[in-house]
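# Working through the structure, step by step
Listed below, chain by chain, are the residues.
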Amino acid sequence: MSNNIVSRLKRKKIEEVLEAGTRMDGRDLNDFREIEVRTNFLEKSEGSAEVRIGKTHIVVGVKAGLGTPFDDTPDEGVLMCNAEYTPVAHQTWEPGPPPHGAIELARVVDRGLRSAEILNMEDLGLVSGEKVYIVFVDLYVLNWDGNLIDACGLGALAALKGAEIPVFKVSKKNEVSETDKTQKLELRCEPIPITIYKIGKHFILDATADEEEVADGRLTVTLDENNNVTTLQKAGPVGFTVDEIKKCINIAEEKAAEIRSQAVASE
Amino acid sequence: MSKSKTKAKTKTKRKSRKKKFERVDGRKADELRPVKIETGVIPNADGSAYIEMGRNKIIAGVYGPREMHPKRLSKPHRGVLRVRYHMAPFSVDPRRSPAPSRRDTEIGMVMTDALEPALFLERYPRSVIDVYVEIIQADGGTRCASVNAAAVALVDAGIPMKDLVASCAAGKMEDHIVLDLGDYEDKKGQADVPVAYMPKLEEVTLLQMDGILTTDETVEAVELAIEGCKQVYEVQREALKKKYGMDEEDTAEDAEESEESGEEPAESEEEDK
Amino acid sequence: MSAKFETRDIVVPGDLLFEGRARAGDNTYRNEGNIYATRVGLANYNKDRVSVIALEAGFIPLVGDLVIGMVTDIELGQWKVDIGAENEAILTTNDAIGKPFRSYQDMTKILDVGDTIVAKIVDLDRRRTPILSIMGRDLGKARDGFLIDITPSKIPRLIGKKGSMINMILKETRCQVTIGQNGKILISGRNRENEELVVKTIKKIEAEAHTSGLTNRIQEYLKDIKEQRK
């Protein structure tokens, strides 16, 4: 699926091993690698999370500040997700504006949160049409070894869960001022993306960079804790049959709760 | 001391009654913030290091030497060192845009000039060594901390070097020359003098200053900063050796074993890689 | 005239190894009559030669090296191969099939972009581009197996004295292992269990390459695993 040259040998071996029902690192098809999550470790950020899934390593920062609302939603706060593919993360990643992959990553994570209505956006309004909270979720990739959407979705949730945002006071004259108080962000649900990768006729979870390189396509299914689907994203120049889509959704359903349980706010 | 009292005193008397100088975090004038360095933190990079200097949290990753693209930027007779300094949006308060700023570009340049003297770039014609620095959390003196991490990352990448490069800033805060300015001191202080230094070759490779200092104070600050660099150097050494924590006794047999399997009987000297 | 460290002390770049006349060996440089380390590694004083056994070093292509790389491009009469060096390597049709270039179609039939090859460096051109050849026994396109990476500076340890280490691994696991001096290792076995054992063993050697008594420890390690399997 990458634009880089894929080694034939790599693809052959990965498919061979999948035929035997396992992966190059010995995992089952639906196993995730070891997940490590740490939250609230950045002091200049209202919320933060560091997620490692195998060697994939990302940091998420949540910042909340004042801004202007969108014209069509004058009373609602603003949520913005941004992803950076930092050039340290892989030898083929270069400095520059976010490439397509980073933009897709940010938008898919964003939709997962937004469609699920994780934040009560009206609670984040301050002065109608003038001042609202802007909540930034910055997804920072430090080492790429596959499965960024799941890692960032998990990180975003963990960071938001532990976030403490400043409390602003609105005077009668609609002047907004800072107080020295903070409050926890109220989350109404906990969406988690699970991405299923298609290699030939095999479906696997938590692909490594090698597996992503040889994958023909992927389908991301974001689910909240009630197993409502809040986002779907199919990628890759390959077709999925309806049965395959159903199968993917089932796989995601079975896995989401396990991954969501990792999004705990550590002290 | 109240304003009325101040007016009545002469200068010398005022000095002796001055409040004892205290830094915001309680450090002594010549005390460094705690420094912690770890190597090999980015598996994909050829070399990498993570540094915490005070509350700064910075990652440096190195790729290279590798072919340089676009070719027109490469040099026919020596390699190019490219250092990129970049801050995460959540590294500062308020959030900053992820787009590179002019300050980022300038810092990249002075960092490149700070590290290049320690490298043998003439060994890598037409190639590039890329150093990428990411500031995860900033708290004053990020360029110094970045140089420290970058130097360690270069060694971790197996790139031959003439010396390490250690960096630290000194400055002036409330009329005192102090070492290693934190964020508050950076912003409220009277001068900031970042320095990078090659400890064995005893040469300064980065020197900047902004603020107001007499010429004597400037020299004092540079010398104090160099002392700070030497202290950071010890932390860099430890970080590089930590991976190989060895406490076994060596035997002649072992040396022989590694000799035969480890060494090519190369007769090259400065030609060596 | 004096050695400033002892053999097997860990040194970092810039460390003064020797004051005075001596031969400057690998990973050192001479400055103002003294010898300094250029890489982090183990100091080595042998007769009158001072060197550092580097613990971290990138791959420096040398004529005669066996390397494993991937074809990244096809040009007229030659393929470009990525071997992880600072320059991409070149393989001409002469060095692939002993015949000059005829047509592009012929070329893709021999080697295509994405193919993995085991090759020997036969030359370094004046721009230090490695020139490869696959004419020879055990050279050519890799059709089976998979690659893993290790730091090139640890390859000698993996091979061992006169091949002692690698032969031990081959014997215990019955896998085919081709070691590229560029840190790429091609592994192919009859079953996954043995292949995984090779990978684990190689990673262990990489992590402990600087320690003594490694050969014995790896022997024990392989023996233990075999016991566990019974």
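No experiment lies behind these values; they were computed from the predicted model shown. (Residues numbered from 1 in each chain as written. Chains lettered and ligands numbered in written order. Predicted model: local features only at pLDDT ≥ 70, side-chain atom pairs only at ≥ 80, totals over all residues.)

## Describing the packing of helix α5 (residues 192-207) of chain C against helix α6 (residues 214-229) of chain C
Residue and element names in this part refer to chain C. The interhelical angle for the contact between α5 and α6, taken along N-to-C directions, is 155 degrees, at an axis separation of 11 Å. Accordingly, the angle class assigned to the pair α5 and α6 is roughly antiparallel. Helix-helix and strand crossings are classified by hand; for α5 and α6 the assignment is right-handed. Residues Leu197, Thr201, Lys204 and Ile205 of α5 lie in contact with α6, whose contacting residues are Leu214, Ile218, Tyr221, Leu222 and Ile225. Across the contact of α5 with α6, the residue classes tally to 7 nonpolar, 1 polar and 1 charged. (Axes fitted to C-alpha atoms, helices over the stretch in contact; angles between N-to-C directions. Helix = DSSP H or I, 4+ residues; strand = E, 2+ residues; numbered from the N terminus. Parallel < 35°, antiparallel > 145°, perpendicular 65-115°, else oblique. Left-handed = near helix turned anticlockwise from the far one by under 90°. Contact = placed C-beta atoms within 7 Å. Nonpolar A, V, L, I, M, F, W, Y, C, P; charged D, E, K, R; others polar.)

## Section: unusual backbone geometry
In this chain, His69(B) is followed by Pro70(B) through a cis amide linkage whose omega measures 0 degrees. Following Asp93(B), the chain continues into Pro94(B) via a peptide bond in cis, with omega recorded as 0 degrees. The phi angle at Glu117(A) is positive, at roughly 55 degrees, despite the residue not being glycine. Following the sequence through the fold, Glu117(A) ends up in the loop between α2 (100-115) and β5 (125-127). By the C-beta count within 10 Å, which is 13 here, Glu117(A) ends up partly exposed. One non-glycine residue, Arg128(C), lies in the positive phi region at around 65 degrees. (Buried ≥ 20, exposed ≤ 12 C-beta atoms within 10 Å, placed from the backbone.)

## Focus: the confidence of the model for chain B
Residues and elements named next belong to chain B. Of all residues in chain B, 83% attain a pLDDT of 70 or more, and the chain-wide mean is 87. Below pLDDT 50 for its whole length, residues 1-10 participates in 4 contacts with residues either more than four positions away or in separate chains. Below pLDDT 50 for its whole length, residues 247-273 participates in 41 contacts with residues either more than four positions away or in separate chains. (pLDDT = per-residue confidence, 0-100.)

## Structural notes on the sheet that holds strand β15 (residues 146-149) of chain C
Residue and element names in this part refer to chain C. Judged by pairing direction, the sheet is antiparallel, and its 3 strands sit side by side in the order β15-β17-β16 without closing on themselves. Edge positions in the sheet fall to β15 and β16 (176-179), since each has one partner strand and no second. Across the sheet, the mean angle separating the axes of adjacent strands is 25 degrees when strand polarity is ignored. Of the pairings in the sheet, the one linking β15 to strand β17 (residues 184-188) comprises 4 bridges and is antiparallel in character. (Pairing = 2+ DSSP bridges.)

## Observations regarding the interface of chain A and chain B
Listed as interface residues are 25 residues of chain A and, on the opposing side, 23 residues of chain B. No other element matches the 5 residues that strand β6 (residues 131-143) of chain A contributes to the side of chain A that touches chain B. Of the residues assigned to the side of chain A that touches chain B, the class counts are 10 nonpolar, 9 polar and 6 charged.

## Section: the sheet that holds strand β10 (residues 202-205) of chain A
Residues and elements named next belong to chain A. Overall, antiparallel pairing links the 4 strands, which are arranged β10-β9-β11-β12 in an open sheet. The sheet is open, and its two borders are formed by β10 and β12 (229-235), each paired with just one other strand. Taken over all neighbouring pairs, the strand axes of this sheet differ in orientation by 20 degrees on average, direction set aside. Where strand β11 (residues 217-223) meets β12, 6 bridges bridge the pair, whose relative direction is antiparallel.

## Quick look at the nonpolar core
One finds Leu139(A), Cys152(A), Leu115(B), Ala149(B), Ala150(B) and Leu154(B) to be the most contacted residues of the largest nonpolar core, which totals 203 residues. With near-sequence residues (within four places) excluded, Leu154(B) lies in contact with Gly47(B), Val62(B), Leu115(B), Val131(B), Ile159(B) and Met161(B). (Core = buried A, V, L, I, M, F, W, Y, C linked by C-beta atoms within 7 Å.)

## Remarks on the pairing of β11(A)
Residues and elements named next belong to chain A. Buried residues dominate β11, accounting for 6 of its 7 residues. Summarising the sheet, strand β9 (residues 192-199) and β11 pair through 7 bridges and their orientation is antiparallel. Looking across to β11, one finds that Ile192 is bridged to Leu223. What sits between the antiparallel neighbours β11 and β12 is a turn of 5 residues, in which Asn227 has the positive phi angle 60 degrees.

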